[in-house]
Amino acid sequence: MKTLWKNCHIASMAHGKYSIIEDAAIVTSGALIEWIGPQAELAEPEHDNCIDLNGAWVTPGLIDCHTHTVFGGNRSGEFEQRLQGVSYAEIAAAGGGIASTVRATRAASEDELYASAERRLRHLLKDGVTTVEMKSGYGLDLENERKILRVIRRLGNTQPVTVRATCLAAHALPPEYTDRADDYINHICNDMLPALAAEGLVDAVDAFCEYLAFSPAQVEQVFITAGQLALPVKLHAEQLSSLGGSSLAARYKALSADHLEFMTEDDAIAMAAAGTVAVLLPGAFYFLRETQLPPMDALRKHGVPIAISTDLNPGTSPGLSLRLMLNMACTLFRMTPEEALAGVTFNAARALGMSATHGSLEAGKVADFVAWNIERPADLAYWLGGDLDKRIVRHGVESSI
Ligand code: NIG
Ligand code: FE
């Protein structure tokens, strides 16, 4: 089935730039882009279908490369506490924070988790997201991490979106292992990861490297196990303090290191050399009222690819709009709208190891795109949220979300 999508302008995001083609057309064949270019150069195309995009701006489908979409309960009570001046670390130390979401997630059935995650996912999809990564990390034992990862796979099989599953068993210390962090890491490496990987539930492995979570030495063990299982790694690093997690991630050729407010220039040099993507999370920065900015100058100077994501989670970023994150990346981190859009397309695909097939509109890549009824590409970062008028195409078929 060949479709001609005509009468549009394109920001293809090839090489991480707008790479604009005005008065353009796209020919899709099945799920793939067969041809893309100026409409005037299209010689009498053969097609089964012709769709007039009425002058819309077409971008790649948006990619949300760091989310914790599947969880039980919510933490709006902690939000109120933090507004009274209690810090995220104090709440965590008092048994709240991630631990409270772990209790709610363990108590929820697989169907309940699916239903609540599907409601949150719908917001992302309506915003133009066609690929999303989701992490486990609120189960913290084999049975409950499996439950979350199964929900993630089920969302990928039933919803109109490509889903990548990341195992974040090393997110926090479960209550059964109080004061025995090394034992929990051994359990992850010896039992949990091998079992979950064997069940086909894991596409990548993540950990939280922080003084209130796991040390670089403990994270390294998890990375070694991931390597033995042939799984790529990612890392929550330098969110609250500088422990060198991002350099460690680079040593293990991580797909990405994420958060990074407290990273150093040396970390940036290591990440650039390894091709590790910096995933910046303006929603968490904003929601925690963080004041330390990620080192934008060092990231740019050393050529570290930058991605942007919602970090959708109940504690630090209940963010339901990836497009809102574009605006926040510009206003809070001083990114340009072009850099921000590359952060949710070209570089987000790299952060998921999917750059051969996703993240830009080029012949041979997957036909996931959004035709936006906007004046110019920067409008995507300009509007503060809202449901912009758009048509969403996934695998070459218009999707009705
Ligand atoms: O990405 N930093 C650690 N993990 C999440 C927050 C988890 C939570 O507070 O529930 C994050 O910000
Ligand atoms: Fe996160």
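Residues numbered from 1 in each chain as written. Chains lettered and ligands numbered in written order. Predicted model: local features only at pLDDT ≥ 70, side-chain atom pairs only at ≥ 80, totals over all residues. Heavy atoms only, no water.

### Quick look at the site of ligand 1
Using the following cut-off: Being near a molecule or strand, for a residue, means having at least one of its heavy atoms within 4 Å of it. Under this definition, polar contacts are N or O atom pairs within 3.5 Å; protein pairs additionally need one hydrogen-donor-capable and one acceptor-capable atom, and for neighbouring residues in sequence, both atoms have to be side-chain atoms. Where accessible areas are quoted, they stem from the Shrake-Rupley method and a 1.4 Å probe; at the residue level, only the protein chains shown are allowed to cover. Lys, Arg, Asp and Glu make up the charged group, whereas Ala, Val, Leu, Ile, Met, Phe, Trp, Tyr, Cys and Pro make up the nonpolar group; the residues left over, Gly among them, are polar.
Surrounding ligand 1, one finds 15 residues, the nearest of these being Arg-75, Tyr-88, Tyr-138, Gln-239 and Thr-316. A distance of 2.8 Å separates a nitrogen atom of ligand 1 from a polar side-chain atom of His-171. Taking Asp-311, its side chain carries an N or O atom lying 2.9 Å from an oxygen atom of ligand 1. Starting from 330 Å² of accessible surface for ligand 1 in isolation, the protein chains cover 100%. Residue composition of the shell around ligand 1, grouped by class: 4 nonpolar, 9 polar and 2 charged.

### Considering the side chain of Glu-238
Inclusion rule: Going along the chain from the N terminus, every DSSP run of H or I of four or more residues is numbered as a helix, and every run of E of two or more is numbered as a strand. Any two residues whose heavy atoms approach within 4.5 Å are treated as being in contact.
If you trace the backbone, Glu-238 turns up in the loop between β9 (234-237) and α8 (245-251). Ignoring anything within four residues of it in the chain, the contact list for Glu-238 reads Cys-209, Glu-210, Leu-243, Gly-244, Gly-245, Ser-246, Leu-260, Glu-261, Phe-262, Met-263 and Asp-267.

### Brief notes about the nonpolar core
Rule in force here: Here, nonpolar core means buried Ala, Val, Leu, Ile, Met, Phe, Trp, Tyr and Cys residues that are tied together by side-chain atoms lying within 4.5 Å of each other. Burial status follows relative accessibility: with a 1.4 Å probe on protein chains alone, a residue under 20% of its type maximum counts as buried, one over 50% as exposed, and anything between as partly exposed.
Among the nonpolar cores identified, the biggest contains 101 residues, and Val-70 and Leu-280 are the most heavily contacted of them. Here this core gets 8 residues from one element, more than from any other, and that element is helix α6 (residues 181-198). The contact partners of Val-70, leaving out residues within four places of it in the chain, are Leu-113, Ala-117, Arg-120, Met-134, Tyr-138, Ile-148, Val-151, Ile-152 and Leu-155. Cys-8, Ala-56, Val-58 and Ala-371 belong to the second-largest nonpolar core, a separate cluster that totals 17 residues.

### Overview of the UniProt feature "binding site: N-formimidoyl-L-glutamate" (unreviewed entry) in the protein
Definition in use: UniProt positions are given in the numbering used here, feature names are shortened, and annotations may be inferred rather than shown by experiment.
The sites that carry the UniProt feature "binding site: N-formimidoyl-L-glutamate" (unreviewed entry) are, in the present numbering, Tyr-138, Asn-313 and Gly-315. Across 178 residues in sequence, these annotated residues keep their C-alpha atoms within 11.4 Å of one another, forming a single compact spot. By secondary structure assignment, the location of Tyr-138 is in the loop between β6 (129-135) and α5 (142-158). The class of Tyr-138 is buried, set by a relative accessible area of 2%. Ignoring any residue separated from it by four or fewer positions in sequence, one finds Tyr-138 in contact with His-68, Val-70, Phe-71, Ile-98, Thr-101, Val-102, Thr-105, Glu-145, Ile-148, His-171, Asn-313 and Pro-314. Among the secondary structure elements, Gly-315 is positioned in the loop between β12 (306-308) and α12 (322-333).

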